Amino acid sequence: MVVIVDTISNPLRPRHPEKVNRPDSASPPKPDWIRVRAPNTRGYADTRNIVRANGLHTVCEEAGCPNIGECWDKKHATFMIMGDTCTRACAFCNVKTGMPNVLDAAEPGNVAEAVAKLGLAHVVITSVDRDDLADGGAEHFAETIRAIRAACPSTTIEILTPDFLRKEGALEIVVAARPDVFNHNLETVPSRYLTVRPGARYFHSIRLLQRVKELDPTVFTKSGIMVGLGEERHEVQQVMDDLRSADVDFLTIGQYLQPTRKHHAVMRYVPPDEFSSYEKVAYTKGFLMVSASPLTRSSHHAGEDFARLKAARAATAR
């Protein structure tokens, strides 16, 4: 369990100040299928050193991803740009909340340098929410994409963006930079938004994904949700239908894990066979690619999944 107070970077400031006074929420014990080994390999250490040397943040660390050991051992890191502090306070997320610092103009170049050092064939770039910026950080995303293209022309780029809520023209800036995959996660079903993702709007997120395809039909679109937050099966299936109505190509479904006792509780650990069932249903609805398992996360196996995604599109075009 992660502690609620960040005692490393600033012992006086809680990592989640908005959650400090909340009552504890207890989750049930983790089942065997959700447990992972602690990271301690040479590859993990090498990746960590490259991230540190370039002064970068990763969602792998900040969000407490359970797959960090596996991914970093293979030198696959998901870079989190625009700082380590988010302007929103979602009930599920372990990323630090508060007022962020100004953007680092050198960050796009530093990310590109790290991508080159790691030798990544496919890279995933995400960010904190930056509601304090006029464009929500859209231009910073675009600059990062361009920097990676210049330094690593053969590397394919997947982005996982915020919703850019009420930021006119922001989405157009990002899509114009031509990422290979545009991911924006719905995170949960509509009925859970007020408690799980209160700063967002479900149908705005659906419309954002639909708009990406209108702007550039060649871009692959992707979205994901967590289960175990109190949703019903029929609600998950409705999300699938909503995403397909927006022509989304790739769906991920994973188990929600509670970062601290101040975060939303795990209501249920969904067994592996239910994830398999969700995957089968999603494919019947027309998704080109589906990844559904307890440890599925947006960027887990992203490179291999991108290759399968391209192959699936090519097969349907024949």
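Residues numbered from 1 in each chain as written. Predicted model: local features only at pLDDT ≥ 70, side-chain atom pairs only at ≥ 80, totals over all residues. Heavy atoms only, no water.

Per an unreviewed UniProt entry, the protein goes by the name Lipoyl synthase and belongs to Bradyrhizobium japonicum. Note on the protein: under the UniProt heading Subcellular location (unreviewed entry), the record states "Cytoplasm". Reading the Sequence similarities (unreviewed entry) entry of the UniProt record for the protein gives the comment "Belongs to the radical SAM superfamily. Lipoyl synthase family." (UniProt positions renumbered as here; feature names shortened; annotations may be inferred.)

> How would you summarise the pairing of strand β10 (residues 289-292) if you had to cite specific residues and measurements?
In summary, the side chains of a regular strand alternate between the two faces of the sheet. Burial of β10 is two-sided: the residues Met289 and Ser291 facing one way and the residues Val290 and Ala292 facing the other way are all buried. Pairing analysis gives four bridges linking strand β9 (residues 250-255) to β10, with the strands arranged parallel. Looking at the pairing, Phe250 lines up with Met289 of β10. The handedness of the β9 to β10 crossover, carried by helix α10 (residues 272-284), is right-handed. (Buried < 20%, exposed > 50% of the residue type's maximum accessible area, 1.4 Å probe, protein only. Helix = DSSP H or I, 4+ residues; strand = E, 2+ residues; numbered from the N terminus. Pairing = 2+ DSSP bridges. Right-handed = clockwise from strand over helix to strand, strands pointing away.)

> Quick one: what's the story with the sheet that holds strand β7 (residues 181-183), residue by residue and with numbers?
In space, the eight strands of this open sheet follow the order β1-β2-β5-β6-β7-β8-β9-β10, with mixed pairing throughout. Single-partner strands in this sheet number two, and they are β1 (57-58) and β10. Note that β1 and strand β2 (residues 78-81) share two bridges and pair antiparallel. Its bridge partner lying in β2, His57 is registered against Met80. Lying over the sheet, α10 contacts β8 (220-227), β9 and β10, oriented at roughly 165° with respect to β10. (Contact = heavy atoms within 4.5 Å. Axes fitted to C-alpha atoms, helices over the stretch in contact; angles between N-to-C directions.)

> Requested: an account of the UniProt feature "domain: Radical SAM core" (unreviewed entry) in the protein, with residues and values cited.
UniProt feature "domain: Radical SAM core" (unreviewed entry): in the numbering of this structure it lies at residues 72-288. Secondary structure content for residues 72-288 is 36% helix and 17% strand, while the C-alpha to C-alpha distance between its ends is 27 Å.

> So what about the side chain of Thr58? Which residues, and what values?
You can see Thr58 is positioned in strand β1. On the accessibility criterion, Thr58 (0% relative accessible area) is buried. For Thr58, the side chain forms a polar contact with the main-chain nitrogen of Glu61, separated by 3.3 Å. In this view, Thr58 contacts Val51, Trp72, Ala77, Thr78, Phe79 and Met80; residues no more than four positions away in its chain are not counted. (Polar contact = N/O pair within 3.5 Å; in protein donor to acceptor, adjacent residues only side chain to side chain.)

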